[in-house]
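# Observations on the three-dimensional arrangement
Chain by chain, the residues run as shown.
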Amino acid sequence: MDFWPEFLASSWGREFVAGGFGGVAGIVSGYPLDTLRIRQQHSSKSGSAFTILRRMLAVEGPTSLYRGMGAPLASVTFQNAMVFQIYAILSRSFDSSLPLDEPPSYTGVALGGVGTGAVQSLLLTPVELLKIRLQLQQTNSGPVSLAKTILRTQGLRGIYKGLTITVLRDAPAHGLYFWTYEYVRERLHPGCRKTGEENLTTMLLAGGLAGVASWVACYPLDVVKTRLQQGHGAYHGISDCFRKSVQQEGYSVLWRGLGTAVARAFVVNGAIFAAYEVALRCFPSAHVAPGKRV
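Residues take numbers from 1 onward in each chain, read along the sequence in its written order. A pLDDT threshold of at least 70 governs which residues receive local features in this predicted model, and a stricter bar of 80 or more applies before side-chain atom pairs are shown or counted, although totals over entire chains, interfaces and linings include all residues. Note that water and hydrogens are dropped before the side-chain values are worked out from all heavy atoms of the structure.

Per an unreviewed UniProt entry, the recorded name for the protein chain is Mitochondrial arginine transporter BAC2, and the organism is Camelina sativa. UniProt positions are given in the numbering used here, feature names are shortened, and annotations may be inferred rather than shown by experiment. Listed in UniProt under the heading Subcellular location (unreviewed entry), the comment for the protein chain reads: "Mitochondrion membrane".

Residues enter patches when their relative accessible area tops 30% and they take part in no salt bridge; the joining distance is 9 Å for like charges and 5 Å for the nonpolar side chains Val, Leu, Ile, Met, Phe, Trp and Tyr. Methods summary: accessible areas were calculated by the Shrake-Rupley approach with a probe of 1.4 Å, and residue burial reflects only the protein chains presented. Any Lys or Arg side-chain nitrogen located within 4 Å of an Asp or Glu carboxyl oxygen qualifies as a salt bridge. Residues Leu 188, Leu 205, Leu 209, Phe 266 and Val 267 make up a contiguous nonpolar surface patch of about 380 Å² in total accessible area. Secondary structure counts use DSSP, requiring at least four H or I residues in a row for a helix and at least two E residues in a row for a strand, with both numbered from the N terminus. Where the nonpolar patch is concerned, the elements lending two or more residues are helix H9 (200-229) and helix H11 (258-282). Inspection of the secondary structure assignment puts Phe 266 in helix H11. Phe 266 gets classed as partly exposed once you look at its relative accessible area, which sits at 35%. Here the term buried applies to any residue with accessible area under 20% of the maximum for its type, exposed to any over 50%, and partly exposed to those in between, with areas from a 1.4 Å probe on protein chains only.

Before going further, it helps to examine the pattern of salt bridges. Counted by the stated rule, this structure contains 18 salt bridges. With a shortest N-O distance of 3.0 Å, Glu 182 and Arg 185 are connected by a salt bridge. Note that Glu 182 and Arg 185 are positioned in helix H7 (residues 163-188) at a spacing of three residues, about one turn of the helix. Note on accessibility: Glu 182 and Arg 185 belong to one class, buried. Arg 256 serves as the salt-bridge partner of Glu 249, at 2.7 Å between the closest nitrogen and oxygen. Accessibility expressed as a relative area gives 22% for Glu 249, which makes it partly exposed.

Let us now look at the environment of Thr 260. As for its placement among the helices and strands, Thr 260 is situated in helix H11. Thr 260 sits 211 residues away from Ala 49 along the chain, and the two C-alpha atoms are 7.0 Å apart. Setting aside its immediate chain neighbours within four residues, Thr 260 contacts Leu 33, Leu 36, Arg 37, Gln 40 and Ala 49. Should any heavy atoms of two residues lie within 4.5 Å, those residues are considered in contact.

Here the focus is the packing of helix H5 (residues 106-136) against H9. A pair of packed helices can be characterised by two numbers: the angle between their axes and the separation between those axes. Lines fitted to C-alpha atoms define the axes, with helix axes restricted to the stretch in contact, and inter-axis angles between N-to-C directions lie between 0 and 180 degrees. H9 packs onto H5 with a crossing angle of 70 degrees between their chain directions and a minimal axis gap of 9 Å. Viewed along their axes, H5 and H9 adopt a mutual orientation that is roughly perpendicular. On H9, the residues that touch Thr 125, Glu 128, Leu 129, Ile 132 and Arg 133 of H5 are Lys 225, Thr 226 and Gln 229. By residue class, the composition of the contact of H5 with H9 is two nonpolar, three polar and three charged. Each angle gets one of four labels, with under 35 degrees taken as roughly parallel, over 145 as roughly antiparallel, 65 to 115 as roughly perpendicular, and the rest as oblique. Note on residue categories: nonpolar means Ala, Val, Leu, Ile, Met, Phe, Trp, Tyr, Cys or Pro, charged means Asp, Glu, Lys or Arg, and polar means any other residue, Gly included.

The next point concerns the packing of H5 against H7. Following both chains from N to C, one finds H5 and H7 inclined at 140 degrees, their axes separated by 6 Å at the closest point. When the axis of H5 is compared with that of H7, the two are oblique. Between H5 and H7 lies a crossing whose hand is right-handed. Crossings are classed by handedness, with left-handed meaning an anticlockwise turn of the near helix from the far one by less than a right angle and right-handed meaning a clockwise turn.

Structure, rendered in structure tokens:
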């Protein structure tokens, strides 16, 4: 009877549930754009985002835009809880001399984000591999069936294909992500890093710009990751994928779909941070600024 009140009153409980709300909001709001991005990255013959969208709606129907959403949605609560909680712990650990009522420095924020991105790659790699393959296929097989097939035929090595490139993408990207969010929210609403009293507009803008900054910085690595994880066996590692992609399609291939990714990043990450912060305010216990939740 007392489990949920006690759970939500604890730091871990609030982070877990609020992170879950943020992740669900981000996936639902941005998944169609993510599907278009993946298809743009997959082939130079796919056309513009609008062309792909029109073709998918006509041939595969509106539900094709959400194909493969089950894999990330099933793991999103735990993943986002882990991301926000690990970030809070790591960002404080780099500023252990600071009083608990002070937010971590921007250096601590960036280093905490780098560590968070590296750790969360362990969970994200198989989820994104399943998502990418489901988004590119024309059939309606589910993530569980696909995961079983990969594990049966390729083992853990197959389900974790792309782990190295995911770490290389996510570690620096998360450092920039959290740094941009903390910096922008403080600029838009001075003092909010300490008080946690920023408004919804600040959350949406700071979160959206954080997502845009991190995606622009890591986008070429994301293109390589998508191609490595698509499952065609055309590439033998990161450098081979990079070299063949550039040789065949030019350096522009590394930025294909960037416009779609940036639009999605702004929508998704604005929704993530807004839902996360709003959820925290609904739980018992006074709200404190990010970086203090340890």
